Amino acid sequence: MMTLQENYQQIVDDHRKYIDQGNTVDYTFRKQQLEKIKKIFKDNEEEIYDVLKKDLNKPDHEIILTEIGIIQSELEVAIKNLRYWMQPEKVASPLTHKGSKSYIIKEPLGVVLVIAPWNYPLQLSLVPVIGAIAAGNSVILKPSEHAPHTSDFLARIAEEHFDPSYFTVVQGAVEETTELLKQRFDHIFFTGGSAVGKIVMRAASEHLTPVTLELGGKSPAIVDEDANIQLAAKRVVWGKYTNAGQTCVAPDYLLVQESVKFKLLKAMKKQIKSLFGKNVLQGENYSRIINLDHFNRLKAFLNEDHIVHGGEYNDEELIIEPTILDKIDWEDPIMQEEIFGPILPVLSFENIEDALSLIKSREKPLALYYFGENPRMQSQVMEYVSFGGGSINDTFFHLANPYLPFGGVGQSGMGSYHGKASFDTFSHQKSILKQTTKFDLPFRYSGGTVTSNILKKFLS
């Protein structure tokens, strides 16, 4: 019987042979694989709803918007633009290269490992897979063990519809992931927390394997005094409490101008009831916390002295209702780590510059959201603070645009994907110069004063 390491080595070897034979280079082949994924989704729609409901109690509307919809959008963009993305890119040549033609070939990296998280277990598994396939790679996918029904579904469709030397799903937990990371890949794509991200990067360094790390952090939402308060409240509530706050780009804390704080909190309480209903704790139209450990970690943040809305929970169903905490400062435990749950701490400010300086003094967040009507201030916030990506007068939705690269910066991640950015992430840009043989310019060869003078004129 083979050990895990031997089994994974065999899988990777099979994938490398498949790639080396040139099976994935052809445009028609890549397009067929993308269209196959599209058909699989259409044929298995009912099961998709079922597995996501079992793993996270996701409401149908959230499944459409944040799982199926994003995947379908990525597929449409990739299928429509694939031929154009694959074309060699012509670039200019300087005068010193007269007679030559220069261009860039988009070459597949090879065998790609995708390690996916549990919070959006279908979307965050398949969107990078779509990019890797479009770029002509083979893929080994490791879905999260914390979403077992979705993981089983992914394993089944891979086994039934794809050559195992081309697309393989490997299931398991920490031991399996650890052994998998010992193999040599041509690229590793990881979505998850920064602690595990460091482990992935450390393992990748053994083989000098490039990595894309989609991590997280404490992403702020800022509400300025001139914001449309009712709309800001609705969009912050939606962005924070969708998927019970288990979203890497959810607003992690709220910074609100002191003069509009009371009005905003009142509007947010109203929007929570409007968007998620009165029976949240019974699991109607609301996602559950993924597991007991995460549930207990979040419960520890529920300090009654700070709760201004919510705070109730259901131990049996692992549900925590949308909660707002007030009178929070930067030293409180909830401000020391990413929350990743339906609890929103609120801090206030008098001067927007002070609020921005506070954000800049901490690690760069994955997302930032600014609500305000002044175009000058909108530009100042977006340009002054470094963050992965974000929105003006909205939350979350930038992630769903396949034409916007999505990724972090600093501690919130490295590299980006979605749409064309996914294709680029999983491609090597191979630079080619094609030189003429009809003539040969002599100035580049050593040959005395005349040659040197000619070269100086070309370069001046």
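Keep in mind it's a predicted model, so treat the numbers as computed, not measured.

Hey, could you run me through the domain arrangement of the protein in this one?
It is common to report an interface's size as the accessible area lost on association of the parts. Looking at the assigned domains, one finds that the protein contains domain 1 (4-216 + 412-432) and domain 2 (220-399). The interface of domain 1 with domain 2 comprises 20 residues on the first partner and 22 residues on the second. Where domain 1 touches domain 2, the interface holds 0 salt bridges. For the pair domain 1 and domain 2, the interface holds 11 residue pairs in polar contact (both at pLDDT 80 or more).

What should I look at first to understand the UniProt feature "domain: Aldehyde dehydrogenase" (unreviewed entry) in the protein in this one?
When the UniProt feature table is mapped onto this chain, "domain: Aldehyde dehydrogenase" (unreviewed entry) is found at residues 6-432. Helix makes up 42% of residues 6-432 and strand 19%, and the two end C-alpha atoms of the span are 38 Å apart.

Hey, could you run me through the nonpolar core in this one?
A general feature of soluble globular proteins is that nonpolar side chains tend to end up buried together. With 121 residues, the main nonpolar core has Leu 34, Leu 122, Phe 167, Ile 222, Val 223, Val 249 and Met 268 as its most contacted residues. Counting residues per element, this core draws most heavily on helix H4 (residues 60-86), at 11 residues. Split by domain, this core shows at least three residues from each of two domains, domain 1 (4-216 + 412-432) and domain 2 (220-399). The next biggest cluster of nonpolar side chains, apart from the first, holds 20 residues, and it includes Val 111, Ile 140, Ala 204 and Val 211.

For this particular structure, what's the right way to read helix H10 (residues 261-276)?
Since the α-helix advances by 3.6 residues per turn, residues separated by three or four positions end up pointing in the same direction. Taking 1.5 Å of rise per residue, 16 residues should cover 22 Å, and H10 covers 22 Å from first to last C-alpha, within 8% of that figure. Listed as buried for H10 are Lys 261, Leu 264, Leu 265, Ala 267, Met 268, Gln 271, Ile 272 and Phe 276. Looking down the long axis of H10, one finds its buried residues gathered within 165° of arc, a one-sided arrangement. With respect to the buried face of H10, the exposed residues turned more than 90 degrees away are Phe 262, Lys 266, Lys 270, Lys 273 and Ser 274. Residue Gly 277 follows H10 closely and has a positive phi angle near 80°.

Sorry, what's going on with a positive patch on the surface here?
On the surface, a cluster of positive charge is contributed by Lys 90, Lys 101, Lys 434 and Lys 438. Positionally, Lys 434 belongs in strand S20 (residues 427-434).

Would you take a moment to explain the sheet that holds S20 for this structure?
Spatially, the 3 strands line up as an open sheet ordered S1-S2-S20, and their pairing is antiparallel. The open sheet has two free edges, formed respectively by strand S1 (89-91) and S20, since each of these has just one partner strand. If you compare each strand with its neighbour and ignore which way they point, the axes differ by 30° on average. Pairing analysis gives 3 bridges linking S1 to strand S2 (residues 101-108), with the strands arranged antiparallel.

In this structure, what is going on with unusual backbone geometry? I would like to understand it.
For residues besides glycine, phi is generally negative; the peptide bonds are generally trans as well. In this structure, Asn 57 is a non-glycine residue whose phi angle is positive, near 55°. In this structure, Asn 243 takes a positive phi of about 60° despite not being glycine. Assignment of secondary structure puts Asn 243 in the loop between helix H9 (229-241) and strand S9 (253-257).

Would you mind going over the sheet that holds strand S16 (residues 389-392) with me for this structure?
What links the strands of a sheet is backbone hydrogen bonding, and the strands pair in either a parallel or an antiparallel sense. Read across the open sheet, the 7 strands follow the order S10-S13-S14-S9-S8-S15-S16; overall the sheet is mixed. For this open sheet the edge positions go to strand S10 (307-309) and S16, each flanked by a neighbour on one side alone. Taking the axes of each pair of neighbouring strands and ignoring which way they run, one obtains an average angle of 25° across the sheet. As defined by bridge partners, strand S8 (residues 220-223) adjoins S9 across 4 bridges and the pair is classed as parallel.

Explain the UniProt feature "active site" (unreviewed entry) in the protein to me, please; I cannot follow it from the model alone.
When the UniProt feature table is mapped to this numbering, "active site" (unreviewed entry) covers Glu 214 and Cys 248. Their sequence span is 35 residues, while the largest C-alpha to C-alpha distance among them is just 8.9 Å; these annotated residues converge on one region. Its location among the elements puts Glu 214 in strand S7 (residues 211-214). Using a relative accessible area of 2% as the deciding quantity, one classes Glu 214 as buried. Glu 214 has contacts with Phe 189, Phe 190, Thr 191, Gly 192, Phe 406, Gly 407, Gly 408, Ser 412, Gly 415, Ser 416 and Tyr 417, leaving out every residue within four places of it along the chain.

What's the story with the environment of Glu 47 in this structure? I'm lost.
Within the secondary structure, Glu 47 sits in helix H3 (residues 45-56). For Glu 47, a relative accessible area of 29% translates into the label partly exposed. Along the chain, Glu 47 and Ile 71 lie 24 residues apart, while their C-alpha atoms are 16 Å from each other. The residues contacting Glu 47, other than those within four sequence positions of it, are Phe 153 and Arg 156.

Criteria and thresholds
- Residues numbered from 1 in each chain as written.
- Predicted model: local features only at pLDDT ≥ 70, side-chain atom pairs only at ≥ 80, totals over all residues.
- Heavy atoms only, no water.
- Domains from an automatic or database assignment.
- Contact = heavy atoms within 4.5 Å.
- Salt bridge = Lys/Arg side-chain N within 4 Å of Asp/Glu carboxyl O.
- Polar contact = N/O pair within 3.5 Å; in protein donor to acceptor, adjacent residues only side chain to side chain.
- UniProt positions renumbered as here; feature names shortened; annotations may be inferred.
- Helix = DSSP H or I, 4+ residues; strand = E, 2+ residues; numbered from the N terminus.
- Core = buried A, V, L, I, M, F, W, Y, C linked by side-chain atoms within 4.5 Å.
- Buried < 20%, exposed > 50% of the residue type's maximum accessible area, 1.4 Å probe, protein only.
- Expected span 1.5 Å × (residues − 1).
- Arc of directions from axis to C-beta.
- Patch = residues over 30% accessible without salt bridge, like charges linked within 9 Å, V, L, I, M, F, W, Y side chains within 5 Å.
- Areas by Shrake-Rupley, 256 points an atom, 1.4 Å probe, with all protein chains shown as cover.
- Lys, Arg positive; Asp, Glu negative; His and termini not counted.
- Charge placed at Lys NZ, Arg CZ, Asp CG, Glu CD.
- Pairing = 2+ DSSP bridges.
- Axes fitted to C-alpha atoms, helices over the stretch in contact; angles between N-to-C directions.

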